[in-house]
Amino acid sequence: MGHALPNALQDTLIRWNRMRGLTTLWLPGCDHAGISTQAVVEKMIMRHEGKTRHDLGRPALIEKIWEWKEKYHKDINMALKRMGGSFDWTREAFTMNPTFTAAVTETFCSLHEEGLIYRSNRLVNWCTALNTSLSNLEVDSKELEGKTLLDVPGYEKKIEFGVLTHFQYEIEGSGEKIEVATTRPETMLGDTGIAVNPSDERYKHLIGRYATHPFVKRRMPIFTDDYVDVNFGTGAVKMTPAHDPNDFEIGKRHGLDFINILNDNGTLNHNTGDFQGSKRFDARYKVVEALKEKGLYVKWENNAMKVPMCQKSKDVIEPIMKPQWWMKMKSGMADAAIKVVRDKKITIRPENSERDYFRWMENINDWCLSRQLWWGHQPPAYFVDIEGEPGDDADGERWVTGRTQEAAEEKAKAKFPGKKIKVTRDPDVLDTWFSSGLWPFATLGWPEKTPDLEKLYPTSVLETGWDILFFWVARMIMFGVKMTGQVPFAEVYCHSLVRDSEGRKMSKSLGNVIDPLDVMGGITLQALHDKLKVGNLDPKELETAIRFQKTSFPDGIPECGADALRFSLVNYTTGGGDIAFDIKQMHGYRKFCNKIYQATKYVLGKLDSSFKPQRHPTRSGNESLAELWILHKFNTATAEINATLTAREFSHATKIAYEYWYNHLCDVYIENSKSIIQDGTPAEQESAKQTLYTALEGGLTIIHPFMPFLTEELWQRLPRRPDDTCPSIVLAAYPQHNPELDDPASEEAYELILAVSKAIRSLAAEYAIKESANIHIQLFTPHAHQTCEAQLASIKSLAGKPMLGSGASISLLSANDAKPAGCVAQAVNAEAACYLLVKGRVDIEAQIKKTNTSLAKASEGVRKQRKIMDGLEKAGKMKGEVAETETRRLEDTRREVGVLEGSVSQFERLKLE
C-alpha cells in the first residue's frame, strides 16, 4: 500500500497535466534494492537449499538474483498497470541496466578525480546479520529508559541492554585500581586507553601511568581529554577506538592503538584471547562473569540509552573499522544543494519537509558508499598491486579509477612508472542510493547528450514519501546540481506514510502489509494467511502476522476496485500527519463508483439516437433555473479542482469532485431533470438533455485523473460533440473555468428551492406524513416569493414522496399573510418558512412538548449568537463580510424562534378547536 499511494498521486498529476495540454512523461522503473534484494534471495536459498552465498559463489548468486528480479519485476509492473498508471513503458528504467551502469561509472570516476570520493579506513555501521556496512540513514535508534531485553537476530534468548556496568582496571606497578563503566562490556576486550578530564582531581596522580588489561597482554595509557564528563559514570572513560565513534576521534588525537575485536559475522576474533570465537553478546555475559572471578566487577545500574539497529534486519549495529569509499558531503555537495532550495529553484512541500531538509543537510556527514554485497554496482575502482611492494587497501594512493579496466591500467602505469603492476577491481558494491540518486538524468540517457535529456531535463515534479527525503531526494538534488549543473526538478511534494488501522508502520514481520491487488480484487482471510505462509517470515513473525490479519480482516478484504482504491488514497493525502488505512472507507468509495455508473446509465437512457450535443459546453439561453445552477456548480468545481491540484491539496480536490457528483449532479439535478424530461415542452426537454450531457461529460472529465478506469469506460459510451475526434478521455481537454457559466444569482435562487424542498421532506418525516402532504410556504421577501412561485414544479419534484397522492398541495404565502391554522412550521432561513398541515393527523400534546423543546434550543441559539457578535464588536472585528455573515445567522435563528413560537400557539389553538 505504501507504493500504491505515490502511484495514485503521481498518476493523478500526470493525467491532469496531460489533459491540460502539457508535454508529459511519467517514466516507470525501479532500483535494484541491493541490501533488501540480496537478503531476501539469500534467505530463500538457505531455506530451500541449505546453502550460503559463499557456497554458491558470486556468479551463481547473481544469476539467481536476476531470476528472482525478473519474476517480481513482472509482478510489480502488473500491479502498476492494474492501478491504472499511465506510464511511458517504452522508457522503462532499471538501475542495473547498461545506461545506468554508464552513469554510475562516469559519476564515480569524475568525483574521485575531483577528490570528492576518497578511500579511508574509518568506523562504519556494520550489520553482522547482513554482513555489510550501512549509512547513518539506514540505522534506527531504539530509545531505552533502562534495563531492557531485546530480540537480536541469531540469538535464541533476548539480550540485555540499557545497563551501565562498572568494573576496575589495575594500575601497573601498584595495588591501585581505576573504575570505569560501559554499556557494552564485551568491548573492553578492545580497550587501549583510559581518558579522564584534566580538571578531575581524583585522577591527577594517575595521568601518564598505565592500566593493565586482565584478559589480554596490553598496557593502556591513562591520559586527559576535555571530552570526558566528570559527572558521568566514574569520570574515567575506557577507550575502544576501533568500536566507538567518540573513542575513534579521541584515539586519533592521542595516538591510541586501534584494535578490532570482531569478525564480520559478529564473533570475536584473535585479538580477544580466550574469548575468541564467542558470539559478541554471549561474550558480553562471559566478560562480566570473568570480571567477577578476578574481583574486578563493581556493579550495574540502569542507564537510559539509544541502541542502533539495522532498519532491514533489526540487528544491533556494531561500529567497526573498514577501508571504504567515502564521499565528501559538506562543502563538496551539500552546500550547493542547500542553496538551490533557499533560492527557490526547488520548492519542497509541505513546509515542514523543507525545514527537515535544511536541518539534515546543514549537519550532514560524509557518506559511506561501500557495501559488502554482491548485488549492485561495483565501483570502477582498482587496487594497484606493485610487485615487491606490499600495499594496504586502506591507502587511497594505491587505488585508481577508470571508466574501463584498460583505462584504469593506463592510469596505474602513469601513476607508478617503471613498476610491474596488476590492477584488481574492488569486490564491494556501491550503496543503492548512489545509483538511485542519478535517476532524474540517468533515465534520460546521461552521460550521453540525448534528445530526451535535452528536452525533458530538468523535470518538473518529484512526488515521494517524506521518509526518503534524505535517502533519495537530497542525493538527487546534490548529484543533479553537481553532475549536470542544473536542478533535477523544480518541485518536491512529500506525502504522508500509510500506516495500519492501529497507526503502526506497515511491516512484513507484523503482517500488516496490504497488497493493493488484494484491495482491488478482494481476498478471503484464509487466502491472506496462505500468502504469509509462502513468504520468508520466521515462525514467530508468522504467528504475529496471522494474529493481526484475524483482528483487522475477520471477513477478509472486500473487492474495492482500482478506482475506489486510488480515490481513497488521494483523498487521504492532506499534507499533514500519516494515514491510517481504513478498508471500510475504500469499500465506501466503491459504492460511490457505482453511483457514478448508475447516473451515467440514467443519462444515456434519456439521450436517444437523435440527440446531438452542442459543439461547445456553453449556455443556449433556454436553461431553467436548475440548469443554470448545475452549470454554475460544475464551473465552480472545475475552478476549485484546478486550483487545489495546483496547490497540491489532493484531499480537497477529491472532496470537491465527490460533492459535485454526489450532492449536486446525482442527488439534485438528475432528480430535478426527470420531471422536465418527462413532462416539459420539447424545448425544455432538449435544454435539460444538453445540460445533463454537459454536466455528465464534464463530471467524468474532472474526476478522470482520480478514477481512470470507470471514467474511460463511461466516457466512451457518450455521444461526441461535433468535430470531437478525441479517441480517449486520457487525451480529452481538462475543463477550465468558464466565466460565461458563472451565475451566483441563479445559485442563490436555486439554493432557496433546495432548502425549501428539504424543509418539506424534514417536516413530513418528523410527523410521519408519507404522502398527500398539504404544504404552505411563507416567503418574507418579494424575490423569494417570485423565485418559489416560478419553481413550484421543481419544489414538488424535489420534495419527493410527501408530495405524491391526490391530496398533496403546495400554496405560497406572503410575509403579511396570517400563519395557517392546524400546521407545524420549520424555518428555512430568513427568507422563508414551511408549514405542514397536521390537524387530524398527529398527536397534538406530544407535538407541543416536542416543539417547546426545539423552541428552547433555538432561543439558546439566539443568546449564543448575540454573545458571539458582542465579542466580535468589542474586538473591533464586526466589520464587512464578518458582520454580514453573523447578522444573517442571528436573523435566521430569530426567524426560527418566531416560527416555533407560532407553531406552539397553533398547537394550543388546535387543542381548543
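Scroll up for the structure.
About the cut-offs
Residues numbered from 1 in each chain as written. Predicted model: local features only at pLDDT ≥ 70, side-chain atom pairs only at ≥ 80, totals over all residues. Heavy atoms only, no water. Helix = DSSP H or I, 4+ residues; strand = E, 2+ residues; numbered from the N terminus. Expected span 1.5 Å × (residues − 1). Buried < 20%, exposed > 50% of the residue type's maximum accessible area, 1.4 Å probe, protein only. Contact = heavy atoms within 4.5 Å. Axes fitted to C-alpha atoms, helices over the stretch in contact; angles between N-to-C directions. Parallel < 35°, antiparallel > 145°, perpendicular 65-115°, else oblique. Left-handed = near helix turned anticlockwise from the far one by under 90°. 1 Å grid on protein atoms, 1.4 Å probe; cavity = no way out; pocket = protein on both sides within 12 Å on 5 of 7 lines; lining within 4 Å. Points joined across faces, edges and corners; volume = space filled by probe spheres on them. Nonpolar A, V, L, I, M, F, W, Y, C, P; charged D, E, K, R; others polar. Pairing = 2+ DSSP bridges. Phe/Tyr/Trp six-rings, centres within 6.5 Å; stacked < 30°, edge-to-face > 60°.

We now examine helix H2 (residues 34–49). Across its 16 residues, H2 extends 22 Å between first and last C-alpha, which sits within 8% of the 22 Å expected from 1.5 Å per residue. Every buried residue of H2 is listed here: Gly 34, Ile 35, Thr 37, Gln 38, Val 41 and Ile 45. Buried residues in H2 make contact with helix H3 (53–56), helix H4 (58–82), strand E4 (132–134), strand E19 (370–371) and helix H11 (432–436). Positioned one or two residues after H2, Gly 50 has a phi angle of 70°, which is positive.

Before going further, it helps to spend a moment on the packing of helix H19 (residues 583–606) against helix H22 (residues 682–703). The contact between H19 and H22 brings their axes to 10 Å, and the two run at 150°. Relative to H22, H19 is oriented roughly antiparallel. Crossing geometry of H19 relative to H22 is assigned as left-handed. On H22, the residues that touch Phe 592, Ile 596, Thr 600, Tyr 602, Val 603 and Lys 606 of H19 are Lys 689, Leu 692, Leu 696, Leu 700 and Ile 703.

To continue, consider H22. End to end, H22 covers 31 Å across 22 residues, agreeing with the expected 32 Å (1.5 Å per residue, within 8%). Most of H22 is tucked away: 17 of the 22 residues are buried.

Moving on: empty space enclosed by the protein. Tallied over the entire structure, the rule returns two cavities of 30 Å³ or more. The volume enclosed by the largest cavity comes to roughly 50 Å³. Gln 614, Pro 617, Thr 618, Glu 623, Leu 631, Gln 690, Thr 691 and Thr 694 together form the lining of the largest cavity. Per-element accounting of the lining of the largest cavity gives the leading share, three residues, to H22. Class assignment of the residues belonging to the lining of the largest cavity gives a composition of two nonpolar, five polar and one charged. Quantified by volume, the second largest cavity comes out at close to 30 Å³. Around the second largest cavity sit Asn 7, Ala 8, Asp 11, Trp 26, Leu 80, Met 83, Gly 84, Gly 85, Phe 87 and Arg 566, which together line it. The element contributing the most residues to the lining of the second largest cavity is helix H1 (residues 4–19), with three residues. Across the lining of the second largest cavity, the residue classes tally to five nonpolar, three polar and two charged.

Ordered in space as E4-E3-E16-E18, the four strands form an open sheet in which the pairing is antiparallel. The open sheet has two edge strands with one neighbour each: E4 and strand E18 (367–368). Examined bridge by bridge, strand E3 (residues 117–127) and E4 share three bridges and lie antiparallel to one another. In the sheet register, Trp 126 faces E4, and the bridge partner there is Ser 133. Against the sheet, helix H6 (residues 245–254) engages E3 and strand E16 (318–327), with an angle of about 140° to E3.

The next thing to look at is the side chain of Thr 638. Structurally, the position occupied by Thr 638 is in helix H20 (residues 625–646). In this structure, Thr 638 is in contact with Ile 702, Pro 735, Gln 736 and His 737, ignoring residues within four places of it in sequence.

Now for the packing of aromatic side chains. Evaluation of the coordinates by the stated rule reveals 36 aromatic pairs. Ring plane angle 70° and centroid distance 5.4 Å describe the contact between Phe 215 and Phe 275, whose orientation is recorded as edge-to-face. One end of the pair, Phe 215, is in the loop between strand E11 (210–212) and strand E12 (219–224); the other, Phe 275, is in the loop between H6 and helix H7 (280–293), with 60 residues separating them in the sequence. Assessed through its relative accessible area of 18%, Phe 215 is described here as buried.

Looking at where Leu 700 falls in the secondary structure, it is placed in helix H22. Distance in space between the C-alpha atoms of Leu 700 and Gly 57 is 56 Å, their sequence separation being 643 residues. If we skip the residues at most four places from it in the chain, Leu 700 touches Ile 596, Thr 600, Trp 661, Thr 711, Leu 714, Trp 715, Leu 718 and Ile 729.

Everything listed here is a matter of coordinates, which is why it stays silent on function.
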